[in-house]
Amino acid sequence: MTTERILPARFDPFQQTEHDDPARLYAEMRAAGAVCRGGPAQWLIPRYQEVSRLLRDARLGQFQFADAYRLFPATLRQSLGDGPANSFTQRVVAGLDRPAHGPVRRLLAESFTSARVQAMSDRISSRAGELLDAAADTGGFDAVEDLAFPLPLTILGELLGIAPDERELVGHQVLELAKIFTAVLSDEDRASADAAVTWLRDYVEQLVAAGAGTDTVLDRMAHAQAAGTVDRAQLLDNAIFLLFAGLETSMTMISSLCAGLPRHQDQLNILRADPALVPSAVEEVLRFDPPTRITGRIVLEPVPVGDRVLRAGRVVFLLIASANRDERQFRAPETFDVTRRPNPHLSFGSGMHYCVGAGLARLEGAIVLRQLLERFAVFEPDGEPVLAGSATLRSYQHVPVRVGRSR
């Protein structure tokens, strides 16, 4: 087994713009090897087998943006600084390692058991129906503004006891947090993220103090604080993170569904002929266009990967979007196929950091897709989707679609 002295090819997956399709770059990286070089002391993992294994490897710790960037003076301009956004990333469940991770994750998971998720089905259906009825009246809609944003925001708002007339404002503040998870953080974006964290902490504190309801996420978290499971700061920041992760993930999935499926009318026809394939189609949307493209880790102790050993202190970027297109794992990976089975994509992660809200996101996606198929004989693009431009999070600004009840 070699050491890091013999260096493999270098790549930069963070230079993609909103107009770039990174699939070709990912294919080049997978062909280059199981490990590729990134920036200073950074390694890139592009293949499925290694990404899947490392997502579950306890020798890798969660990526702390501020601490990691301080290792590399040349990139200090990307640091989160020492403000609210920095402390937020260090308290939320996605940034915690064992043993701190377990109690917080169990607390959040209580709100997303299979029984609780299924109990939300009727509410998701009714809200999706309201939004799509409005779309039918105009013959088209923006899948982001008119569906992907308000639908999960309604459900999350009810889970946390947020008043209906406050949800849109809260949602826009939550989406400001996406700036934290980008590769380059400008002074302006850092200030914006800090301000959003401060605003949301104050808002959630007011909800907790007021008593949001009889069985909301915040109520259960407040009881956990009283029992000593979490402290007040963890309660506030993880409630905010739940809002962010739930909204960003579901928004992107629904937007991706509306951006991708209308461009594959042959696949839509397959679904119309066999609606039982809807869950399979949702999985294929997640594989083909995952909400999170890249996730970072810190090497805590030496880890062998391929023919190399990655040393402690190095940053490792696991390329989920690349792993989901790995020809070693998936048949015809560049083909969008709603009948694909099995489909062991990594879009929700793996191991102890597997997405706690994955079941809810899947349910929302399946309900939206079924209603689109049932309501509209016409479901077509009405222009080009507009991406938000992040190499790490696959978010959309606009997805225009045309719909109609008959051709």
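As the structure is a computational prediction, the values presented were derived from the model and not from experiment.

Enquirer: Would you mind going over the overall build of the protein chain with me for this structure?
Expert: In terms of regular secondary structure, the protein chain is built from 17 helices and 12 strands. For the protein chain, the proportion of its 407 residues judged to be buried stands at 56%. Relative to all contacts within the protein chain whose residues are 6 or more apart in sequence, the contacts with residues 24 or more apart total 72%. Carbon and sulfur atoms form 52% of the exposed surface of the protein chain, whose accessible area is close to 16,900 Å².

Enquirer: Help me understand helix H4 (residues 84–91), please; the structure alone is not making it clear to me.
Expert: Since one α-helical turn is 3.6 residues long, residues separated by three or four positions face the same way. Three or more residues of H4 are buried, namely Ala85, Asn86, Phe88 and Thr89. Seen from one end, H4 has its buried residues packed into an arc of 160 degrees, which puts them on one side.

Enquirer: What's the story with the packing of aromatic side chains in this structure? I'm lost.
Expert: Each aromatic ring pair is characterised by the separation of its centres together with the angle its planes make. Applying the stated rule across the entire model yields five aromatic pairs. Centroid distance Phe288 to Phe336: 5.5 Å. Interplanar angle 85 degrees. Geometry classified as edge-to-face. Here Phe288 is found in helix H15 (residues 278–288), whereas its partner Phe336 is found in the loop between helix H16 (320–323) and helix H17 (358–375), with 48 residues between them in sequence. For Phe336, a relative accessible area of 6% puts it in the buried group. Positioned above the aromatic ring of Phe330, the side-chain terminus of Arg287 is 5.4 Å from the ring centre. The ring centre of Phe288 lies 3.9 Å from the NZ or CZ of Arg325, which sits over that ring.

Enquirer: Which parts of the structure should I look at to understand the pattern of salt bridges?
Expert: Oppositely charged side chains may form a pair once their charged atoms are brought near each other. Taken as a whole, this structure holds 23 salt bridges when the rule is applied. The salt bridge partner of Glu205 is Arg232, with a shortest N-O separation of 2.6 Å. Placement of Glu205 in helix H11 (residues 187–210) and of Arg232 in helix H13 (residues 232–260) is noted, with a sequence separation of 27 residues between them. Note on Glu205: relative accessible area 29%, which makes it partly exposed. For Glu284, the salt bridge is made with Arg340, and the minimal N-O distance between the two is 3.1 Å. Of this pair, Glu284 sits in helix H15 while Arg340 sits in the loop between H16 and H17, placing them 56 residues apart in sequence.

Enquirer: How should I be thinking about the pairing of strand E5 (residues 294–299) in this particular structure?
Expert: Note on strand geometry: in a regular strand, side chains alternate between the two faces of the sheet. Counting buried positions over the six residues of E5 gives six, a clear majority of the element. Every second residue of E5 is oriented toward a common face, with Ile294, Gly296 and Ile298 on one face and Thr295, Arg297 and Val299 on the other, all of them buried. Relative to E5, strand E3 (residues 60–62) runs antiparallel, the two being bridged by three bridges. From the neighbouring strand, Gln62 faces E5, where its bridge partner is Arg297. Bridge analysis of E5 against strand E8 (residues 315–319) gives five bridges, and the strand direction is antiparallel. The residue bridging Gly296 from the neighbouring strand is Phe317, located in E8.

Enquirer: Which parts of the structure should I look at to understand the sheet that holds strand E9 (residues 378–381)?
Expert: What links the strands of a sheet is backbone hydrogen bonding, and the strands pair in either a parallel or an antiparallel sense. The three strands lie next to each other as E4-E12-E9, forming an open sheet whose pairing is antiparallel. Single-partner strands in this sheet number two, and they are strand E4 (140–142) and E9. Strand-to-strand, the axes of this sheet are offset by a mean angle of 25 degrees, without reference to chain direction. Taken together, the four bridges between E9 and strand E12 (residues 400–404) define a ladder with antiparallel strand orientation. The residue bridging Phe379 from the neighbouring strand is Val403, located in E12.

Enquirer: Would you mind going over the packing of helix H9 (residues 150–160) against helix H10 (residues 167–175) with me for this structure?
Expert: The description of two packed helices rests on the angle between their axes and on the distance between the axes. It is at 10 Å that the axes of H9 and H10 come closest, and there the two elements cross at 105 degrees. Of the possible angle classes, the one that applies to H9 and H10 is roughly perpendicular. Of the residues in H10, those touching H9 at Leu153, Thr154, Gly157 and Glu158 are Arg167, Glu168 and Gly171. Class assignment for the residues of the contact of H9 with H10 results in one nonpolar, three polar and three charged.

Enquirer: Just to check I follow, could you spell out the sheet that holds E3 for this structure?
Expert: What the five strands build is an open sheet, ordered E1-E2-E8-E5-E3; its pairing is mixed. In this open sheet, the two strands that pair with only one neighbour each are strand E1 (36–37) and E3. Bridge analysis of E1 against strand E2 (residues 42–45) gives two bridges, and the strand direction is antiparallel. When the bridges of E2 are listed, Cys36 appears paired with Leu44.

Enquirer: Just checking my understanding: could you explain the packing of H9 against H17 for this structure?
Expert: With their axes 11 Å apart at the nearest point, H9 and H17 run at an angle of 135 degrees to one another. Taken together, the axes of H9 and H17 are oblique relative to one another. Like other packed secondary-structure pairs, H9 and H17 cross with a definite hand, here right-handed. Facing Leu151, Pro152, Ile155 and Leu159 of H9, the residues of H17 in contact are Leu360, Glu364 and Val368.

The rules behind each value
Numbering of residues starts from 1 in each chain and follows the order in which that chain's sequence is written. Only residues with pLDDT of at least 70 get local features here, since the model is predicted, and only at 80 or more are side-chain atom pairs given and counted; chain-wide, interface and lining totals rely on the full set of residues. The side-chain quantities take in all heavy atoms of the structure and omit both hydrogens and water. Going along the chain from the N terminus, every DSSP run of H or I of four or more residues is numbered as a helix, and every run of E of two or more is numbered as a strand. Only protein chains enter the accessibility calculation, which uses a 1.4 Å probe; a residue whose area is less than 20% of its type maximum is buried, one above 50% is exposed, and one in between is partly exposed. What makes two residues a contact is simply this: any of their non-hydrogen atoms within 4.5 Å. All accessible areas in this document rest on Shrake-Rupley with a 1.4 Å probe, and a residue is counted as covered only by the protein chains that are shown. As used here, the arc belongs to the directions running from the helix axis to the C-beta atoms. Aromatic rings from Phe, Tyr and Trp, taking only the six-membered ring of Trp, are treated as a pair when their centres fall within 6.5 Å; an angle between ring planes under 30 degrees marks them as stacked, one over 60 as edge-to-face, and anything in between as tilted. Ring-over charges, as used throughout, are those where CZ of Arg or NZ of Lys falls within 6 Å of the ring centre and within 35 degrees of the ring normal. In what follows, salt bridge is the name for a side-chain nitrogen of Lys or Arg lying within 4 Å of a carboxyl oxygen of Asp or Glu. At least two bridges found by DSSP between two strands are what make those strands a pair. Only C-alpha atoms enter the line fits that serve as axes; for helices the fit covers just the stretch in contact. Angles between N-to-C directions range over 0 to 180 degrees. Geometric relationships in this document are graded by angle, where less than 35 degrees denotes roughly parallel, more than 145 denotes roughly antiparallel, 65 to 115 denotes roughly perpendicular, and other angles denote oblique. Residue polarity is assigned by list, with Asp, Glu, Lys and Arg as charged and Ala, Val, Leu, Ile, Met, Phe, Trp, Tyr, Cys and Pro as nonpolar; anything else, Gly included, falls into the polar class. The handedness criterion is simple: a crossing whose near helix is rotated anticlockwise from the far helix by less than a right angle is left-handed, and one whose near helix is rotated clockwise is right-handed.

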